[in-house]
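Chain by chain, the residues:
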Amino acid sequence: MLFNKVLRASVRSGIRLQSSSAAAASAAAVHNSHSASLGFSFELTDQQKEFQQLARKFAREEIVPAAPAYDRSGGMGLSIFDNCLITEELAYGCTGMQTAIEANSLGQMPVILAGNDAQKRKYLGRMAEEPLMCAYCVTEPGAGSDVAGIKTRAVKMGDEYVVNGQKMWITNGGKANWYFLLARTNSDPKCPAGKAFTGFIVDADTPGIQIGRKEMNMGQRCSDTRGITFEDVRIPKENVLIAEGSGFKIAMGAFDNTRPPVAAGATGLAQRALDEATRYALERKTFGKVIAEHQAVSFLLAEMAIKVELARMAYQRSAWEVDQGRRNTLYASIAKAFAGDIANQVASDAVQVFGGNGFNSEYPVEKLMRDAKIYQIYEGTAQIQRLIIAREHLGRFQK
């Protein structure tokens, strides 16, 4: 956004300068003649004064207000909507690579939302300075959708917390520079989830962290997914986000910001499946004509196109809502659930259009079908999204 403002200002300046170039040239000639008669001159030309005034105005009105935020953590300052547009295009190429990149957003989001200035400078700052990765360590072997069932414990000892437990299915687990970790700090089983867990920032090279093997998954194999074991890992109290007991709300709050990009990724995959199926349907011939001219196939392509466009509108609405500073929980879950479902449907339909060729790894759509499934599972399953949607929907009527 800052770059765009500079660009627009430069263009406006260029137009003004072009319109006055003849006058400026004449004035410069007079000025040069005058300077030559008096020796060296520090007087600015009209053109130089205009440059100076433009730069001064831009610095005072645009740079000065934005500088503190850029100084704290760096980055491009992109909105969630901007992020979604980029994510869709990356996912079109390969959702495994897109997930590896997007997992950084999930790992960073708790720090973005709940970190203090020192934490943001230290951990977000390095992400803007180097091509590093981070990871969101919440899921466990026995606790996926049931986040309240997390067993990893953090016990306070002096100025540190000692963590023991195991996390599973951690994207970027073997590549991360640091982790967002959710652990139980209240041992009372009756303690509500909203007070029982604490969010920590943990450097990946902290002694006691054991990184498991890279999992061979059904799809999105470019994404690095692993188990992470924490054995007497010591975390300084300075790495607690907000305060002890605030972790569950932080972890869940991140999803309103990260589910729109996940939906965008699913949409990118669906768009790729639609494009591949359409190209194939315009080339493959049966019964003397290309299969796209058969109503059965053309109607299938039409249904696929409808689903892709609606998924795109859903993720864009959910991203726009959160960028406006509004609570977007309903829209984020609708986008994630719908886009995840249609990614699977459209990928499956693309295989159907390809026929026997679609079932073969020499053609691109079988990978798309394998890659699509995880969109109904990670960052909240399709069923969990429906629980959230129902709760939010009914809540609006009960107010």
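Preceding block: the structure.
Worth saying up front: this structure is predicted, and the values here are computed from it rather than measured.

1. Overview of the environment of Gln-376
- With respect to the helices and strands, Gln-376 occurs in the loop between helix H12 (365-372) and helix H13 (382-398).
- In sequence terms Gln-376 and Ala-343 are 33 residues apart; their C-alpha atoms lie 9.0 Å from each other.
- Non-local contacts of Gln-376, meaning those with residues more than four positions away in its chain, are made with Lys-336, Gly-340, Asp-341, Asn-344, Thr-381 and Ala-382.
- Engagement of the side chain of Gln-376 in a polar contact is seen with the side chain of Asn-344, the distance being 3.4 Å.

2. Quick notes on the pattern of salt bridges
- Taken as a whole and judged by the stated rule, the model has 18 salt bridges.
- Linking Glu-321 and Arg-326 is a salt bridge whose minimum nitrogen-to-oxygen distance equals 2.9 Å.
- Since its relative accessible area comes to 41%, Arg-326 is described here as partly exposed.
- Arg-327 is the salt-bridge partner of Glu-392, the closest N and O atoms lying 2.7 Å from each other. Placement of the pair is Glu-392 in helix H13 and Arg-327 in the loop between helix H10 (295-323) and helix H11 (329-354), with a sequence separation of 65 residues.
- Within the structure, one salt-bridge network assembled from shared partners comprises Glu-88, Glu-309 and Arg-312.

3. Some points on the packing of helix H5 (residues 95-114) against helix H9 (residues 255-281)
- Contact pair H5 / H9: the axes reach a minimum separation of 9 Å and the direction vectors enclose 170 degrees. In terms of their interaxial angle, H5 and H9 are classed as roughly antiparallel. Facing Thr-95, Gln-98, Glu-102, Ser-105, Leu-106, Met-109 and Leu-113 of H5, the residues of H9 in contact are Phe-255, Asn-257, Thr-258, Pro-261, Gly-265 and Leu-269.
- Looking at the contact of H5 with H9 residue by residue, the class counts come to 6 nonpolar, 6 polar and 1 charged.

4. Comments concerning the environment of Ala-372
- Looking at the element boundaries, Ala-372 is found in helix H12.
- We classify Ala-372 as buried; its relative accessible area is 0%.
- Distance from Ala-372 to Gly-265, taken between C-alpha atoms, is 9.6 Å for residues 107 residues apart in sequence.
- Filtering out sequence-adjacent residues up to four positions away, Ala-372 remains in contact with Leu-269, Ala-343, Asn-344 and Ala-347.

What counts, and where the lines are drawn
Residues numbered from 1 in each chain as written. Predicted model: local features only at pLDDT ≥ 70, side-chain atom pairs only at ≥ 80, totals over all residues. Heavy atoms only, no water. Helix = DSSP H or I, 4+ residues; strand = E, 2+ residues; numbered from the N terminus. Contact = heavy atoms within 4.5 Å. Polar contact = N/O pair within 3.5 Å; in protein donor to acceptor, adjacent residues only side chain to side chain. Salt bridge = Lys/Arg side-chain N within 4 Å of Asp/Glu carboxyl O. Buried < 20%, exposed > 50% of the residue type's maximum accessible area, 1.4 Å probe, protein only. Axes fitted to C-alpha atoms, helices over the stretch in contact; angles between N-to-C directions. Parallel < 35°, antiparallel > 145°, perpendicular 65-115°, else oblique. Nonpolar A, V, L, I, M, F, W, Y, C, P; charged D, E, K, R; others polar.

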